[in-house]
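Read off the chains here:
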Amino acid sequence: MLYLVATGRRPEAIAIIGGNVLRPRGLAGIAVDILDVCKAEVRQLFELLADHTAYPILVHCTYGKDRTGLVVQLVLILLNAPVDAVICDYMKSREGLMAGRAQRVEEFGEVGLDERFADCDPAVVYGVHVHIRDKYGGI
């Protein structure tokens, strides 16, 4: 990996990580990994959201379905929204992303990811919900 990056072949290095690390985890696995590895950042997020002087707050990422989707899921879970309602909300992102799907599939393919990464999968929401409940006892 270091050799590829050092020799200017960064896209190849990224494709190795994408194909061998991210793709097997899938979107749901990556969301769970973020929760487990980025605990301080998740806490910081909730501290910011609890600070009324910080408003308005804009939450965004490249496509609005992965990192942003996770943040919105966490807030909805905190507000005790039923998991079906959280899934419904998350899947609305899919509708907005359909127009650029072919381009995303191509871009993700270049970094070792398959077409699943271009879509919204309700299993992500369910996986996050179950993981938070089973591992942490709740949000």
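Residues numbered from 1 in each chain as written. Predicted model: local features only at pLDDT ≥ 70, side-chain atom pairs only at ≥ 80, totals over all residues. Heavy atoms only, no water.

K.L.:
I'd like a description of the environment of C88, backed by residues and values.
P.N.:
Mapping C88 onto the fold places it in helix 5 (residues 83-97). Residue classification places C88 among the partly exposed residues on the basis of a relative accessible area of 44%. Taking the C-alpha atoms as reference, C88 lies 15 Å from T68; in sequence the two are 20 residues apart. (Helix = DSSP H or I, 4+ residues; strand = E, 2+ residues; numbered from the N terminus. Buried < 20%, exposed > 50% of the residue type's maximum accessible area, 1.4 Å probe, protein only.)

K.L.:
Give me unusual backbone geometry: which residues, what numbers.
P.N.:
The amide bond that connects Y55 to the next residue, P56, takes the cis arrangement and shows omega of 0 degrees. Within the secondary structure layout, P56 lies in the loop between helix 3 (39-50) and helix 4 (67-78). Here the phi dihedral of N80 falls at roughly 65 degrees; this positive angle occurs in a residue that is not glycine.

K.L.:
Report on the pattern of salt bridges, specifying residues and quantitative values.
P.N.:
The full count for this structure, using the stated rule, is nine salt bridges. One salt bridge in this structure joins E115 and R101, with 3.3 Å as the shortest N-O distance. Taken together, the positions of E115 in the loop between helix 6 (101-110) and helix 7 (122-136) and R101 in helix 6 put the pair 14 residues apart, joining distant regions of the chain. In this structure, the salt-bridge partner of R101 is D119, at a minimum N-O distance of 2.7 Å. Taken together, the residues R101 in helix 6 and D119 in the loop between helix 6 and helix 7 connect sequence positions 18 residues apart. (Salt bridge = Lys/Arg side-chain N within 4 Å of Asp/Glu carboxyl O.)

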